[in-house]
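Tertiary structure, described
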Amino acid sequence: MNRSKRWGVFMLAALAIAASVVAAASARTAKKAATQACVLLPDTKSSARYELFDRPYLTKDLRAAGVSASINNAQGDAQKMKAQAEACLASGATVIVIDALDPASGAAITNTAVGQGAKVIDYDRLVVGSKASVYVSFDNVKVGVLQGKGLASALKGKRGAVVAELNGGITDNNAKLFKKGYDSILNPLYKTGALRKAKSGDKWTDWDPVKGATIFEQMLTVNGNAIDGVLSANDGLAGAVVAVEKKHGVGPLPLTGQDATPTGVQFIIAGWQTGTVYKSIKTEAAATAKAVKTLLGGGAVKTNGKTSGTPSVLLTPVWVTKRNVGLLYKDGFVKRSQVCKGIYKKYC
């Protein structure tokens, strides 16, 4: 072989090696860029928390854990959530974090994910009987207990006070756990006559504040405006109650909430709402990111209980009133600037 031919062969070999190096680098880049985890949030209607708190905390914690993730919100559309899950799986996600809209669609998405070899984390809301590997949330019965105790304490000394109950969504397992908790406090009081349940005073709202307002107006009518306190399952429903109270010149009444939203805190400091249940989503997001990383590494998530048979990471909720509202500011969950503005500035 002459010199020019040898040089040609050398150049071809060098080009082939260079091409293989580039291809390998591209493959590594593609693998790194692929979605490892997918978060499916339900909506913005049932609670403002999902975009205010869950998305930013999960984004930050998953990034800190070195996990490439896609965070989605279905905006109340089960078919949209299904499509988001399928897109994530197609892009390589092997862990799905889901806060399901309802049991049926949640189970279907979980079955699809598990069928494709992915692991599923039920986030905040459990889909009972699904194939999820773990459930990360708060002790939701405890949430309800805190609400029941908070309302009962606010009505203490007013024997026979009439109570209306605005429950969450009847298909939401969390709402059932909340109710289990506050029923454990209120039902014995109804039984002894210390409190009385309002006529038509126990309704499910689908977590819809508009529906909640309509229901509460109907409750007021049926009871001749003689309602002394309201067990509201979250801040969104509490806001609906406040709007109706103002419209009819009733109240403020002892009123519960949940989620520690800026609006809920404003109502608390202004005296329209008794308290709210603070669930540190910062802590929940951190626990979830840790669980995602563990599952991606093939490990077993460390749990502290079981919920309907599903291994669970259960966190502790806190009852917040005007007295300890500063905890929310200290934790960075709610900013003073979000609360102390407009007509509420004078309460700060």
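Going by the structure above, here's the rest.
Residues numbered from 1 in each chain as written. Predicted model: local features only at pLDDT ≥ 70, side-chain atom pairs only at ≥ 80, totals over all residues. Heavy atoms only, no water.

1. Points about the pairing of strand 11 (residues 310-315)
Basically, it comes down to this: Note on pairing: DSSP must find at least two bridges between two strands before they are called paired. Going along the chain from the N terminus, every DSSP run of H or I of four or more residues is numbered as a helix, and every run of E of two or more is numbered as a strand.
Across four bridges, the pairing between strand 5 (residues 134-138) and strand 11 is parallel. Of the residues in strand 11, the one forming a bridge with Ser137 is Leu314. Here strand 10 (residues 305-307) pairs with strand 11 via three bridges, running antiparallel. The partner of Gly305 across the bridge, within strand 11, is Ser312. Between the antiparallel neighbours strand 10 and strand 11 lie two residues, among them Ser308 with a positive phi of about 50°.

2. Notes on the state of the cysteines
By definition, a disulfide links two cysteine residues through a covalent bond between their sulfur atoms. Where we set the bar: Our working definition of a disulfide is a cysteine sulfur pair at a distance within 2.5 Å. Relative accessibility thresholds used throughout: buried, under 20% of the residue-type maximum; exposed, over 50%; partly exposed, between the two (1.4 Å probe, protein chains only).
Taken as a whole and assessed by the stated rule, the structure comprises two disulfides. Disulfide pairing is shown between Cys38 and Cys88; the S-S distance is 2.2 Å. Since a negative S-S torsion denotes a left-handed disulfide, the Cys38-Cys88 link at about 55° is right-handed. Highlighted residues: Cys38 in strand 1 (residues 37-41) and Cys88 in helix 3 (residues 78-90), separated in sequence by 50 residues. Neither Cys38 nor Cys88 differs from the other in exposure class; each is buried. Here Cys340 pairs with Cys348 through a disulfide, and the sulfurs are 2.0 Å apart. Handedness here is read from the sign of the S-S torsion; for Cys340 and Cys348, about -90°, the answer is left-handed. With cysteine numbering restricted to those in disulfides and following the sequence, the chain has the pairing 1-2, 3-4.

3. Thoughts on the environment of Val242
The criterion, for reference: The criterion used for residue contact is that any of the two residues' heavy atoms lie within 4.5 Å.
Looking at the element boundaries, Val242 is found in helix 8 (residues 235-248). Using a relative accessible area of 1% as the deciding quantity, one classes Val242 as buried. Sequence spacing of Val242 and Asp208 is 34 residues, and the spatial spacing of their C-alpha atoms is 15 Å. If sequence neighbours within four positions are ignored, Val242 has contacts with Leu255, Phe267 and Trp272.

4. Overview of helix 7 (residues 209-222)
Basically, it comes down to this: Helix span, as expected, comes to 1.5 Å for every residue beyond the first. Along the arc lie the directions from the helix axis toward the C-beta atoms. Polar contacts, as counted here, are pairs of nitrogen or oxygen atoms within 3.5 Å of one another; within protein the pair requires one atom able to donate a hydrogen and one able to accept it, and residues that are adjacent in sequence qualify only if both atoms are side-chain atoms.
Its 14 residues give helix 7 an end-to-end C-alpha distance of 20 Å, which sits within 8% of 20 Å, the value for a rise of 1.5 Å per residue. Regarding helix 7, the residues found buried are Gly212, Ala213, Ile215, Phe216, Met219 and Leu220. Taken around the axis of helix 7, the buried residues stretch over an arc of 165°, which confines them to a single face. Set apart from the buried face of helix 7 by more than 90 degrees, the exposed residues are Val210 and Thr221. Elements that come into contact with the buried residues of helix 7 comprise strand 6 (161-167), strand 7 (195-204), strand 8 (229-232) and helix 8. The N-cap residue of helix 7 is Asp208: its side-chain oxygen and the backbone nitrogen of Val210 are 2.9 Å apart.

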